[in-house]
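Summary of the model geometry
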Amino acid sequence: MDILRHNITWDTATIWLSALGTLAIYSVLYKENPVYRLAEHIFIGAAAGYGVYYAWTQILKPLWWDRITGGNWVWIFALLAGAMFYFIYSQKHSWISRLIFGGLLGLISGAAFKAFAGINMDRISASFKPLYVHSPNMTTIESISASLNNVLFVLILLTVMAYFFFSFEHKSTIRRAPANIGRWVLMFAFGAMFGSTVMARMSLLIGRIYFILHDVLRIG
Amino acid sequence: MYLLLVVVIVLPLVMQIDLPIVVSPAVRGAYNAVEQIPSGKIAVISVIWSSGTIAENRPQTEALVRHMFKSGKKFAIVAFDPQGSELAFQSASAIAKEMRKTYGIDWVHWGYKPSANLIPMLQSLPRDIHKAVGKDYFGTPVGRIPMMKNIRTIKDIGLIADVTPSATLEIWIAFIYGQYRTPLIYAPTAVMAPEGFNPLDAGQIKGMLTGMKGAAEYERLLGRRDFATRAAGALSTSHLLIIALIVLGNIGYISSRRQRSE
């Protein structure tokens, strides 16, 4: 027992608890079971509790409560504004919540208008690419490769736009062919995005397996 | 099938099989952007990840932190997730201890800010950093922290790194790059990486680290063999298994269709 008392440090206990949690969560791969459900509930509860603790200690207390108790009573209005949201649950007084929601939506809309230009103007101008790229410090192969890249970019841009052009039916071949090419390149793009998703999920699994092997079992 | 997946992941990890890692131009762009931070300016590492994406976002954060310490660039961590705040602090503290760097002199943690507050914060941050940030991780007003004394406006920030599993890049582009042209780099989870290619092509971001793979490439540039590099072999073998299963599935599907038509 003495050996146990000496060797089981706080870190070791944390690592083993994490390992048990990982195995409990992955046990759902076999089938839905009470151990998985227990671990899931503990995780959700702990994350929610941690969020509340953090919100109070890092935000509400220093930025709001301490200011009020320090004599800056104007901050009480933040509580009143926040409380207005909860009137959405009252049929009689839900108009109070609409006031604050309206104000918030106005602010968000204004920010979205401002954001639109910031995000899209550079992208629109970047989509005007030269179809022939050449500069004195480029080799012929580099020049051909850069030109091909740009031609491909412009071709994909135009065909995908043609696919999303719904103002008239794509009956004639001239209208249908670019839209079809656009549909194909979209499928390639979706395939690549799905590949990225697979990579993300595999990375998370590898992370947990590495943790079990390296930190818990001390292998590898 | 799950067991087979575990086997193809465990084997390269246990046998320490290192497959070649080729550094992509996007990762090199991110690396160069860190190198080019002008002296007198700091970098900001925005952390929005939590334990759910720790395998991808932590190695990215650690690689960036290590690079900044190594090249003598000062940086601030700002967290928009309570878990990420703590995890990034632990990582940066451990690396700082290893590389003999001092909190408040070489790096600082601006603390946790609610993600709902991201847009208002980005609107006030450029004009007055001290006011927008308020207090750091320990509750010290940022104006009193030595490395932050002369860091007052967006002009004093030389680079912003967005390490995230969420669609936050557009917010940084809209409110910071779009207006002030502060260089940005993007370190998303692989699932979010497709969102980064348009801004990368348009020059709105200087570089990108795609998930764990991007972190492994960054570690290679740093000459390190940390978690992402060790895991890269397992990532490749797991992808090979998935490709083999897709091919087998399609062969099975085509042959069963042929049998039915006969």
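Keep in mind it's a predicted model, so treat the numbers as computed, not measured. (Residues numbered from 1 in each chain as written. Chains lettered and ligands numbered in written order. Predicted model: local features only at pLDDT ≥ 70, side-chain atom pairs only at ≥ 80, totals over all residues.)

1. Things to note about the overall build of chain B
When its secondary structure is counted, chain B shows 10 helices and 6 strands. Across its three principal directions, the C-alpha atoms of chain B cover 80 × 40 × 30 Å. The buried share of chain B, taken over its 262 residues, is 49%. Of the contacts formed within chain B by residues at least 6 apart in sequence, a portion of 73% connects residues at least 24 apart. (Helix = DSSP H or I, 4+ residues; strand = E, 2+ residues; numbered from the N terminus. Buried ≥ 20, exposed ≤ 12 C-beta atoms within 10 Å, placed from the backbone. Contact = placed C-beta atoms within 7 Å.)

2. Overview of the nonpolar core
All names here are of chain B. By size, the foremost hydrophobic cluster in this structure holds 85 residues, and its most contacted members are Ala-43 and Ile-185. Among the elements that take part in this core, helix 7 (residues 169–180) stands out by supplying 8 residues, more than any other. Not counting the four nearest positions on each side in its chain, Ile-185 is found in contact with Ala-30, Ala-33, Leu-159, Ala-161, Ile-205, Lys-206, Gly-207 and Met-208. (Core = buried A, V, L, I, M, F, W, Y, C linked by C-beta atoms within 7 Å.)

3. Quick word on the pairing of strand 5 (residues 184–188) of chain B
Residues and elements named next belong to chain B. Among the 5 residues that make up strand 5, 5 are buried, leaving the element largely enclosed by the rest of the structure. On strand 5, burial covers both faces: Leu-184, Tyr-186 and Pro-188 on one face and Ile-185 and Ala-187 on the other are all buried. Alignment of strand 4 (residues 157–164) against strand 5, held across 5 bridges, turns out to be parallel. Opposite Thr-164, over in strand 5, you have Pro-188 as the bridge partner. Handedness of the strand 4-helix 7-strand 5 crossover: right-handed. (Pairing = 2+ DSSP bridges. Right-handed = clockwise from strand over helix to strand, strands pointing away.)

4. Describing the pairing of strand 2 (residues 75–79) of chain B
For a regular strand, the rule is simple: side chains alternate between the two faces of the sheet. Residue and element names in this part refer to chain B. Among the 5 residues that make up strand 2, 5 are buried, leaving the element largely enclosed by the rest of the structure. Side-chain alternation along strand 2 places Phe-75, Ile-77 and Ala-79 on one buried face and Ala-76 and Val-78 on a second face that is also buried. Across 5 bridges, the pairing between strand 1 (residues 42–47) and strand 2 is parallel. Paired with Ala-43 across the two strands is Phe-75, which belongs to strand 2. As judged from the 4 bridges shared by strand 2 and strand 3 (residues 107–112), these two strands associate in the parallel manner. Within the sheet, the bridge partner assigned to Ile-77 lies in strand 3 and is His-109.

5. Digging into the interface of chain A and chain B
At the interface, 35 residues of chain A touch 46 residues of chain B. Sorting the residues of the side of chain A that touches chain B by element identifies helix 3 (34–69), helix 5 (94–126) and helix 7 (173–216) of chain A as the ones contributing at least two each. With 16 residues, the single largest contributor to the side of chain A that touches chain B is helix 7 of chain A.

6. With respect to helix 4 (residues 82–98) of chain B
Compared with the 24 Å implied by 1.5 Å per residue over 17 residues, the 25 Å span of helix 4 of chain B between its first and last C-alpha is a close match. Contact partners of the buried residues in helix 4 of chain B: helix 3 of chain A together with strand 1, helix 3 (54–70), strand 2 and strand 3 of chain B. Positioned one or two residues after helix 4 of chain B, Arg-100 of chain B has a phi angle of 55°, which is positive. (Expected span 1.5 Å × (residues − 1).)

7. Looking at the confidence of the model for chain A
For chain A, the mean per-residue pLDDT works out to 90, and 96% of the residues sit at or above 70. No element of chain A has a lower mean pLDDT than helix 1 (residues 2–7) of chain A, at 52, and none a higher one than helix 6 (residues 140–163) of chain A, at 94. (pLDDT = per-residue confidence, 0-100.)

8. Here's the deal with the domain arrangement of chain A
Residue and element names in this part refer to chain A. Splitting chain A by domain gives domain 1 (1–71) and domain 2 (153–220). Centre-to-centre, using C-alpha coordinates, domain 1 lies 36 Å away from domain 2. The interface is formed by 4 residues belonging to domain 1 together with 5 residues belonging to domain 2. Tallied by class, the residues present in the side of domain 1 that touches domain 2 amount to 3 nonpolar, 1 polar and no charged. (Domains from an automatic or database assignment. Nonpolar A, V, L, I, M, F, W, Y, C, P; charged D, E, K, R; others polar.)

9. Side note on unusual backbone geometry
Residue and element names in this part refer to chain B. Of note in the backbone geometry, Gln-16 takes a positive phi value of approximately 50° without being a glycine. For Gln-16, the location among the structural elements is in the loop between helix 1 (2–15) and helix 2 (25–35). Here the phi dihedral of Arg-100 falls at roughly 55°; this positive angle occurs in a residue that is not glycine. Note on placement: Arg-100 falls in the loop between helix 4 and strand 3.

10. Brief notes about the packing of helix 7 of chain A against helix 3 of chain B
Between helix 7 of chain A and helix 3 of chain B, whose axes approach to 8 Å, the crossing angle comes to 85°. As judged from the angle between their axes, helix 7 of chain A and helix 3 of chain B are roughly perpendicular. Residues Ala-200, Ser-203, Leu-204, Ile-206 and Gly-207 of chain A of helix 7 of chain A form the contact with helix 3 of chain B, whose own contacting residues are Ile-54, Ala-55 and Glu-56 of chain B. Broken down by class, the residue content of the contact of helix 7 of chain A with helix 3 of chain B amounts to 5 nonpolar, 2 polar and 1 charged. (Axes fitted to C-alpha atoms, helices over the stretch in contact; angles between N-to-C directions. Parallel < 35°, antiparallel > 145°, perpendicular 65-115°, else oblique.)

11. Overview of the sheet that holds strand 5 of chain B
Taken together, 6 strands build an open sheet; the order of strands is 3-2-1-4-5-6 (chain B) and the sheet is parallel. Strands with a single pairing partner mark the edges of an open sheet, and in this sheet they are strand 3 and strand 6 (207–208) of chain B.

12. Focus: helix 10 (residues 227–261) of chain B
Between the first and last C-alpha of helix 10 of chain B there are 51 Å, a value that for 35 residues agrees with the 51 Å anticipated at 1.5 Å per step. Largest kink in helix 10 of chain B: about 30°, centred on Gly-233 of chain B. Taken together, the buried positions of helix 10 of chain B are occupied by Phe-227, Ala-228, Thr-229, Arg-230, Ala-231, Ala-232, Gly-233, Ala-234, Leu-235, Thr-237 and Ser-238 of chain B. Taken together, the buried residues of helix 10 of chain B touch helix 7 of chain A together with helix 1, helix 3 and helix 9 (211–222) of chain B. (Bend = angle between axes of the 7 residues up to and from the residue.)

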